[in-house]
Amino acid sequence: MTLTIPALRARSAKRRRRRPLSLTFAVATLLVIIGTAVLAPVLAPHSPETTSLLDSLAPPGTADHWLGTDSVGRDLLSRLMYGARLSLLAPLAVVLLSGLLGTAIGLLAARAGGWGDAVLSRAMDIVFSFPSLLLAMLVVAVSGPGLTAPICALAVSYTPFIGRVVRSVAVQEGARPYVESYRVMGFGEWWVTLRHLLPNILPVLLAQGALSFGYALMDLAALSYLGLGVRPPEADWGSMISQERGAILQGEVWSGLLPGLAVLLTVICVNLIGEHIGASIGRKRR
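In this text the structure is predicted, and so the values were computed from the model without any measurement.

1. Considerations on the overall build of the protein chain
Counting secondary structure elements, the protein chain contains 11 helices and zero strands. Its helices and strands taken in sequence order, the protein chain reads α-α-α-α-α-α-α-α-α-α-α from the N to the C terminus. Counting across all 286 residues of the protein chain, residues that qualify as buried make up 40%. Look at the contacts in the protein chain between residues 6 or more apart in sequence, and 70% of them connect residues 24 or more apart. Accessible surface for the protein chain amounts to roughly 15600 Å². Of this, 69% is attributable to carbon and sulfur atoms. Positive and negative side-chain charges of the protein chain, numbering 24 and 16 respectively, have mean locations separated by a distance of 18 Å.

This is the structure:
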């Protein structure tokens, strides 16, 4: 069946209307998650560490515990709110550190060219070939459990993702006529890079940073699940799942399902935002 031009335009308009809906959902949901994390001391109905064995594994929907309790009687809603703090801050730290390192290395490689570019690119390839989660586990095995070591290890692992993208965009932008005109006028190479190339790279960094945030969130949750991340009594979503393994094996999956859903929902929202930014960049470049 051949579609006419008006039909194609109508279909295109329908697709454009759908995209903002998914973006609106992602942004609104992410803002709610961030808001509950920031306002956890005000909004949480209970202390996240208050236990009550008499109320253990209470079902959701009760007056005192809207989302139920875990295996030792702690309020799940309160723990989800407080756990969101570390669950969001740690991946953000990974993204910021890897973004700074990757941007610096990518710009340096694009600026150096020749053998300098080749050496930096091969170094990024070596780091890129090593699994990020395995590297974090090795670092934690040496330094001990905690968030500092995994954050630094994952930041190093994610640096090649950022560095490759920045180098590619910087090389493409550096060959454009407006950049050559600044060079002809006598402006320094680094002035042109920081003043004109870097602002054009920022949208690409935002898109890649959003995707890296989702990966970092899942990697850090996995480390916490294995007991290599957050130390008690602090909690994040990964450690909450780990602490409820016994209840899950007994068929009480609710207490472990909720933090898993929180991880899944956050990653989906961040990826939707990252994909929208990437699609916007693609449309502008066309």
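2. Considerations on unusual backbone geometry
Keep in mind that most residues, glycine aside, have a negative phi and that most peptide bonds are trans. Of note, Leu57 is a non-glycine position whose phi angle comes to about 55°, a positive value. When its relative accessible area of 26% is taken as the criterion, Leu57 is described as partly exposed.

3. Description of the packing of aromatic side chains
Applying the stated rule across the entire model yields two aromatic pairs. Ring plane angle 65° and centroid distance 5.0 Å describe the contact between Phe128 and Phe161, whose orientation is recorded as edge-to-face. Of this pair, Phe128 sits in helix H4 (residues 114–128) while Phe161 sits in helix H6 (residues 148–174); the two residues are 33 residues apart in sequence, bridging distant segments of the chain. On the basis of an interplanar angle of 85° and a centroid distance of 6.1 Å, the ring pair of Tyr158 and Phe161 is categorised as edge-to-face. With Tyr158 and Phe161 both in helix H6, this residue pair falls three residues apart, about one helical turn. For Tyr158, a relative accessible area of 4% corresponds to the buried category.

4. Things to note about the environment of Ser239
If you trace the backbone, Ser239 turns up in helix H9 (residues 237–243). Judged by its relative accessible area of 5%, Ser239 falls in the buried class. Taking the C-alpha atoms as reference points, Ser239 and Leu97, separated by 142 residues in sequence, lie 23 Å from one another. Residues in contact with Ser239, not counting those within four places in the same chain, are Ser224 and Tyr225.

5. Observations regarding the layout of surface pockets
In this model, the largest pocket occupies a volume close to 640 Å³. Lining the largest pocket are 25 residues; nearest its centre among them are Leu92, Val95, Leu96, Gly209 and Phe213. Of all elements in the fold, only helix H1 (5–38), helix H3 (76–112), helix H8 (189–225) and helix H11 (254–285) reach the threshold of two or more residues within the lining of the largest pocket. Its boundaries defined by the atoms lining it, the second largest pocket holds a volume of some 260 Å³. Together, 14 residues line the second largest pocket, and Ile33, Thr36, Leu80, Trp237 and Ala262 are the ones closest to its centre. Here the lining of the second largest pocket is built from residues that sort into 12 nonpolar, two polar and no charged.

6. Overview of the pattern of salt bridges
For the structure on display, the rule yields seven salt bridges. One salt bridge connects Arg167 with Asp117, and the closest N-O pair in it is separated by 2.8 Å. Here Arg167 is found in helix H6, whereas its partner Asp117 is found in helix H4, with 50 residues between them in sequence. Residue Arg167 is classed as partly exposed on the basis of its relative accessible area of 25%. Among the charged side chains, a network of salt bridges with common partners joins Glu49, Asp70, Arg74 and Arg79.

7. Details of the packing of helix H7 (residues 177–184) against H8
Geometrically, a packed helix pair is captured by the angle between its two axes and the distance between the axes. Relative orientation of the contacting elements H7 and H8 amounts to 160°, with a least axis distance of 10 Å. The angle between H7 and H8 places the two elements in the roughly antiparallel class. Along this stretch, H7 crosses H8, giving a crossing that reads as right-handed. Across from Tyr178, Val179, Tyr182 and Arg183 in H7, the residues of H8 making contact are Glu189, Trp191, Val192, His196, Leu197 and Asn200. A breakdown of the residues in the contact of H7 with H8 according to their chemical character gives six nonpolar, two polar and two charged.

About the criteria used
- Residues numbered from 1 in each chain as written.
- Predicted model: local features only at pLDDT ≥ 70, side-chain atom pairs only at ≥ 80, totals over all residues.
- Heavy atoms only, no water.
- Helix = DSSP H or I, 4+ residues; strand = E, 2+ residues; numbered from the N terminus.
- Buried < 20%, exposed > 50% of the residue type's maximum accessible area, 1.4 Å probe, protein only.
- Contact = heavy atoms within 4.5 Å.
- Areas by Shrake-Rupley, 256 points an atom, 1.4 Å probe, with all protein chains shown as cover.
- Lys, Arg positive; Asp, Glu negative; His and termini not counted.
- Charge placed at Lys NZ, Arg CZ, Asp CG, Glu CD.
- Phe/Tyr/Trp six-rings, centres within 6.5 Å; stacked < 30°, edge-to-face > 60°.
- 1 Å grid on protein atoms, 1.4 Å probe; cavity = no way out; pocket = protein on both sides within 12 Å on 5 of 7 lines; lining within 4 Å.
- Points joined across faces, edges and corners; volume = space filled by probe spheres on them.
- Nonpolar A, V, L, I, M, F, W, Y, C, P; charged D, E, K, R; others polar.
- Salt bridge = Lys/Arg side-chain N within 4 Å of Asp/Glu carboxyl O.
- Axes fitted to C-alpha atoms, helices over the stretch in contact; angles between N-to-C directions.
- Parallel < 35°, antiparallel > 145°, perpendicular 65-115°, else oblique.
- Left-handed = near helix turned anticlockwise from the far one by under 90°.

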